[in-house]
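Architecture at a glance
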Amino acid sequence: FTIKQLTELSPSSVVDIGCGDGFYGKLCKYVLGDSVSVTGIDANPKWYNHCNALEEYAHVIHGCILEVLPQLGGELVIAGDVLEHLEEADMKKVVRGFKYVIINSPLGFQPQEHEDIWEHHICGLDKKTFDGYAVLEYNESSHMGNEMLNVLLGEMDA
């Protein structure tokens with residue numbers, strides 16, 4: 001899903017929120033090469049330091065996405081396996097100010113306790129979550145035994 005969207009949208013700038021191990025930054029560079037500038041954001045010092053050392057990211061910001069992201073704006077934000085770690089009410093704060101948003105998330109609430117507080121699942125997303133959003137594409141899939149949703153959103157009004 002993400003490769004298809006990156007190829008079709010061909011953004012020149014991407015913000016990878018909750019950049020974690022750098023999967024989406026690497027994917028952006030793999031698909032788009034040097035034509036894309038990727039910024040990562042992560043609150044977890046472990047992943048911030050990891051992604052900061054990767055050549056795929058032009059810039060990595062250590063901080064809470066809810067505080068940092070509204071100051072950025074841009075062409076595309078990728079929320080890959082991150083929105084389930086936020087309150088559902090905070091989702092609109094994440095998607096505003098960008099032309100497109102790609103969301104990859106577990107389908108529904110899938111409880112997850114973890115010694116790392118940033119890894120706890122707080123909410124679950126499903127098709128109804130996106131009522132009122134500019135949904136350009138929505139699909140559900142299975143990945144390694146987990147039900148996932150993939151969404152492409154268009155620009156939201158402020």
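A brief structural summary.

Each value, and the rule that gives it
Residues numbered from 1 in each chain as written. Predicted model: local features only at pLDDT ≥ 70, side-chain atom pairs only at ≥ 80, totals over all residues. Heavy atoms only, no water. Patch = residues over 30% accessible without salt bridge, like charges linked within 9 Å, V, L, I, M, F, W, Y side chains within 5 Å. Areas by Shrake-Rupley, 256 points an atom, 1.4 Å probe, with all protein chains shown as cover. Salt bridge = Lys/Arg side-chain N within 4 Å of Asp/Glu carboxyl O. Lys, Arg positive; Asp, Glu negative; His and termini not counted. Charge placed at Lys NZ, Arg CZ, Asp CG, Glu CD. Buried < 20%, exposed > 50% of the residue type's maximum accessible area, 1.4 Å probe, protein only. Core = buried A, V, L, I, M, F, W, Y, C linked by side-chain atoms within 4.5 Å. Helix = DSSP H or I, 4+ residues; strand = E, 2+ residues; numbered from the N terminus. Contact = heavy atoms within 4.5 Å. Polar contact = N/O pair within 3.5 Å; in protein donor to acceptor, adjacent residues only side chain to side chain.

**Things to note about a negative patch on the surface**
On the surface, a cluster of negative charge is made up of Glu88, Asp126, Asp131, Glu140 and Glu147. With relative accessibility at 40%, the residue Glu88 sits in the partly exposed group.

**A closer look at the nonpolar core**
Most often, soluble globular proteins have nonpolar side chains that are buried together. Counting residues in hydrophobic clusters, the biggest one holds 26 residues, and the most contacted among them are Ile17, Ile41, Leu69, Leu83, Ile103, Phe130 and Leu153. Breaking this core down by element, the ones donating at least two residues are strand E1 (13–17), helix H4 (65–68), strand E4 (74–80), helix H5 (91–95), strand E5 (98–106) and strand E7 (146–154). In this structure Ile17 touches Ile41, Ile65, Leu69, Val77, Ile78, Ala79, Val82 and Val94, once residues within four positions along its chain are discounted. One finds Cys19, Val36, Tyr57 and Ile102 within the second-largest nonpolar core, a separate group that totals 17 residues.

**Observations concerning the side chain of Glu84**
Mapping Glu84 onto the fold places it in the loop between E4 and H5. One buried charged residue, Glu84, remains without a salt bridge, the closest side chain of opposite sign being Lys46 at 15 Å. A distance of 3.1 Å separates a polar atom in the side chain of Glu84 from a polar atom in the side chain of Ser105.

Any link to function would need more than the numbers given here.
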